[in-house]
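Notes for the structure review
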Amino acid sequence: QVHLVESGGGLVQTGGSLRLSCAASRGTFSRFVVGWFRQAPGKEREWLACINWNVGLTYYADSMKGRLSISSDNAKNTVNLLMNSLKPEDTAVYYCATGRPPYGSWMYASQYDSWGQGTQVTVSS
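Quick notes on the rules
- All chains use their own residue numbering, which begins from 1 and follows the written sequence.
- In keeping with the predicted nature of the model, local features appear solely for residues at pLDDT of at least 70, side-chain atom pairs appear and are counted solely at 80 or more, and the whole-chain, interface and lining totals rest on all residues.
- To get the side-chain values, take all heavy atoms of the structure and skip hydrogens and water.
- A run of DSSP states H or I qualifies as a helix once it reaches four residues; a run of E qualifies as a strand once it reaches two. Both are numbered from the N-terminal end.
- The size measure is the radius of gyration over C-alpha atoms, and the globule rule it meets is 2.2 Å times the number of residues to the 0.38 power.
- Type-normalised accessible area, obtained with a 1.4 Å probe on protein chains alone, sets the label of each residue: buried when under 20%, exposed when over 50%, and partly exposed for intermediate values.
- By the convention used here, residues are in contact when the closest approach between their heavy atoms is within 4.5 Å.
- By this definition, two strands are paired if DSSP reports at least two bridges between them.
- For helices, the fitted axis covers only the stretch in contact; all axes are lines through C-alpha atoms, and the angles between them, taken along N-to-C directions, range from 0 to 180 degrees.

This brings us to the overall build of the protein chain. When you go through the protein chain residue by residue, the secondary structure sums to 0 helices and 11 strands. Along the protein chain, from the amino end to the carboxyl end, the secondary structure elements read β-β-β-β-β-β-β-β-β-β-β. In terms of C-alpha radius of gyration, the protein chain reaches 13 Å, essentially the compact-globule figure of 14 Å for 125 residues. With the principal axes as the frame, the protein chain shows a C-alpha extent of 40 × 30 × 25 Å. Here the protein chain holds 125 residues, and the buried ones make up 44% of them. When contacts within the protein chain are restricted to residue pairs at least 6 apart in sequence, those whose partners lie at least 24 apart make up 57%.

The structure is reproduced here in structure tokens:
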């Protein structure tokens, strides 16, 4: 398993942007799909986006398209998630995870084996 550490969360005003990072402190992302999820209080964990590290293909949840950009930084062994036009309803704990989900199954949290500790994002109105 890969040990993951998220960073970049914080407090931002409505309409602002944040860039979250997911670093592999032990192991690498090679041969993995790296996904970003979030979980708000009282809600289920929600898939946002993922990237296939080896081929660079990216996928986004329809609800978030246009506001997210996921990218990989091979030199730093990190995956970044840029979030724009943030809204109060984006307030949640954001997690990155790695796994090898079958094609079309990358939105299911059960397909991911390793998870970071999460980073809090709070959007003020």
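Another aspect to go through is the sheet that holds strand β3 (residues 18-26). Across the sheet, which stays open at both edges, the 4 strands sit in the order β1-β3-β8-β7 with antiparallel pairing between neighbours. The two strands at the open ends of the sheet, each matched to only one other strand, are β1 (3-7) and β7 (68-73). Strand-to-strand twist in this sheet, taken as the mean axis angle between neighbours without regard to direction, amounts to 20°.

Looking at chain direction, β1 and β3 are connected through 5 bridges and run antiparallel. Across the sheet, the residue bridging to Glu6 is Cys22, located in β3. In this sheet, strand β8 (residues 78-83) lies alongside β3 in antiparallel orientation, the contact comprising 6 bridges. Across the sheet, the residue bridging to Cys22 is Val79, located in β8.

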